[in-house]
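# A structural walkthrough
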Amino acid sequence: EPEVTQTPSHQVTQMGQEVILRCVPISNHLYFYWYRQILGQKVEFLVSFYNNEISEKSEIFDDQFSVERPDGSNFTLKIRSTKLEDSAMYFCASSGGRGNTEAFFGQGTRLTVV
Amino acid sequence: DQQVKQNSPSLSVQEGRISILNCDYTNSMFDYFLWYKKYPAEGPTFLISISSIKDKNEDGRFTVFLNKSAKHLSLHIVPSQPGDSAVYFCAAVSYNTDKLIFGTGTRLQVFP
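Residues numbered from 1 in each chain as written. Chains lettered and ligands numbered in written order. Predicted model: local features only at pLDDT ≥ 70, side-chain atom pairs only at ≥ 80, totals over all residues. Heavy atoms only, no water.

### A closer look at the overall build of chain A
Heads up, the condition is: Under the DSSP-based scheme used, a helix requires at least four consecutive residues in state H or I and a strand at least two consecutive residues in state E, with every element numbered from the N terminus. It is over C-alpha atoms that the radius of gyration is taken, and the globule rule equals 2.2 Å times the number of residues to the power 0.38. Each residue is placed in one exposure class: buried if its accessible area under a 1.4 Å probe, protein chains only, is under 20% of its type's maximum, exposed if it is over 50%, and partly exposed if it falls in between. Whether two residues are in contact is decided by their heavy atoms: any pair within 4.5 Å suffices. Reported accessibility uses the Shrake-Rupley method at a 1.4 Å probe radius. Residues are deemed covered only where the shown protein chains occlude them.
Summing up its helical and strand segments, chain A has zero helices and 11 strands in all. Element order for chain A, N to C, with α for helix and β for strand: β-β-β-β-β-β-β-β-β-β-β. The C-alpha radius of gyration computed for chain A amounts to 13 Å, which stays within 12% of the reference 13 Å derived for 114 residues, consistent with globular compactness. With respect to the three principal axes, the spread of C-alpha positions in chain A is 35 × 30 × 30 Å. Counting the 114 residues in chain A, one finds 48% classified as buried. Of all intrachain contacts in chain A linking residues separated by at least 6 positions in sequence, the fraction that spans at least 24 positions is 54%. Here chain A has roughly 5,700 Å² of accessible surface; of this, 46% comes from carbon and sulfur atoms.

### With respect to the sheet that holds strand β7 (residues 62-67) of chain B
All names here are of chain B. Here is the rule we go by: Strand pairing is assigned whenever DSSP detects at least two bridges linking the two strands.
Reading across from one edge, β1-β3-β8-β7-β6 is the order of the five strands in this open sheet, with antiparallel pairing throughout. Of all the strands in the sheet, just β1 (4-5) and β6 (56-59) have a single pairing partner and so form its edges. Sheet topology note: the β7/strand β8 (residues 72-77) ladder contains six bridges and is antiparallel. Looking at β8, one finds that L66 is bridged to L73.

### Quick word on the sheet that holds strand β7 (residues 65-68) of chain A
Residues and elements named next belong to chain A. Selection criterion: Each axis is a line fitted through C-alpha atoms, taken for helices only over the stretch in contact, and angles between the N-to-C directions span 0 to 180 degrees.
Taken in spatial order, the four strands of this open sheet run β1-β3-β8-β7, and their pairing is antiparallel. Each edge of the open sheet carries a strand with a single partner, namely β1 (5-7) and β7. For this sheet the average axis-to-axis angle between neighbouring strands, irrespective of direction, equals 20°. Relative to strand β3 (residues 19-24), β1 runs antiparallel, the two being bridged by three bridges. Counted as the bridge partner of T7 is R22 from β3.

### Here we look at the nonpolar core
Soluble globular proteins tend to pack their nonpolar side chains together in the buried interior. Let me state the cut-off plainly: What makes a nonpolar core is a set of buried Ala, Val, Leu, Ile, Met, Phe, Trp, Tyr and Cys residues whose side-chain atoms join them at distances within 4.5 Å.
Judged by nonpolar contacts, the single largest core of 24 residues is most densely connected at F33, W35, L73, L75 and Y88 of chain B. Breaking this core down by element, the ones donating at least two residues are β3 (19-25), β4 (30-38), β5 (45-51), β7, β8, β9 (86-94) and β11 (106-111) of chain B. Considering each element in turn, this core owes the most residues, four residues, to β9 of chain B. Each residue touching F33 of chain B, except ones within four places of it in the same chain, is listed here: Y25, I48, S49, I50, S52, L66, L73, A91 and A92 of chain B. Ranked by size, the runner-up nonpolar core spans 23 residues in total, among them F32, V47, F65 and V113 of chain A.

### Focus: the pairing of β6 of chain B
Residues and elements named next belong to chain B. Where β6 and β7 come together, four bridges link them in antiparallel fashion. Looking at the pairing, E58 lines up with T63 of β7. Where β6 folds back on β7, the antiparallel hairpin that results is connected by two residues, among which G60 adopts a positive phi of roughly 65°.

### Considerations on the packing of aromatic side chains
As a reminder of what qualifies: Think of it this way: a Phe, Tyr or Trp ring, Trp meaning its six-membered ring, pairs with another when their centres are within 6.5 Å, and the plane angle makes it stacked under 30 degrees, edge-to-face over 60, tilted otherwise.
If you walk through the whole model with that rule in mind, you get 18 aromatic pairs over all chains. A centroid spacing of 5.6 Å and a plane angle of 25° characterise the contact between F61 of chain A and F65 of chain A, whose relative ring orientation is stacked. By relative accessible area, F61 of chain A is classed as buried at 5%. Among the aromatic residues, those joined into a cluster by ring pairs are Y33, Y35, F45, F91 and F105 of chain A together with Y36, F46, F89 and F102 of chain B.

### Focus: the interface of chain A and chain B
Here is the rule: A quick way to say it: buried area is the sum, across both parts, of accessible area lost when two parts are put together, with a 1.4 Å probe. Each reported salt bridge corresponds to a side-chain nitrogen of Lys or Arg within 4 Å of a carboxyl oxygen of Asp or Glu. Identification of polar contacts relies on pairs of N or O atoms within 3.5 Å, with a donor-acceptor requirement for protein atoms, meaning one able to donate a hydrogen and the other able to accept it, and with residues adjacent in sequence counted only if both atoms are side-chain atoms. Throughout this entry, Asp, Glu, Lys and Arg are counted as charged residues, while Ala, Val, Leu, Ile, Met, Phe, Trp, Tyr, Cys and Pro are counted as nonpolar. The remaining residues, Gly among them, count as polar.
Between chain A and chain B, the residue contacts involve 19 residues of the former and 23 residues of the latter. Roughly 1,800 Å² is buried in total at the junction of chain A and chain B, and carbon and sulfur atoms are behind 56% of that figure. By the criterion of area lost to chain B, the three top residues of chain A are K42, E102 and F105 of chain A, representing 30% of everything that side buries. Inspection of the region where chain A meets chain B yields zero salt bridges. The interface formed by chain A and chain B contains eight residue pairs in polar contact (both at pLDDT 80 or more). Ranked by the residues each element gives to the side of chain A that touches chain B, the list is headed by strand β4 (residues 31-37) of chain A, at three residues. Of the residues belonging to the side of chain A that touches chain B, the class tally is seven nonpolar, eight polar and four charged.

In structure tokens, the structure reads:
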């Protein structure tokens, strides 16, 4: 069964450092997403990406965040200068369509900023 | 801004019985609803969905009911099994957006 894969599973970084979280979406999917879940809180939307550009982003997704699809398979989330409050589980997801099409999630990357 | 609410943080059910997980929403623009199951250290796994033009959708042991006038949906699991023990998230999406709005989740424990 096709699945979304994320690397690394756990990343520890110092405050102020840049991190790149990587995702390989399901191959025939067209829509890609990043969500995050701070410990004890709900899953929150960050950004959606379609046709090589951001289609929607939340207020959380400020200038320190960026996404890229550098080749035909990877989808990355970059955090330029990490803050303590960026510590969370980051989930990549992909879907074959928008909105009313089920999104499939990866297993997540636990980011710990120290 | 809690557009999607799951008011029960936890639910404990005996194996073989029905589990009912509830979800309320406030945004009348939502037109598609999904349930996800999540185990620790894993991503959410899609379970079942329902469009706003329907009031019921069934898939095996899982049935989702939608009451649009009450802005309420529920997930029924019959019969419940110990492997169903997980956190269940309700999510909603509007026709004009890409983003899923998640509830806070309900931790279901199914005991023998």
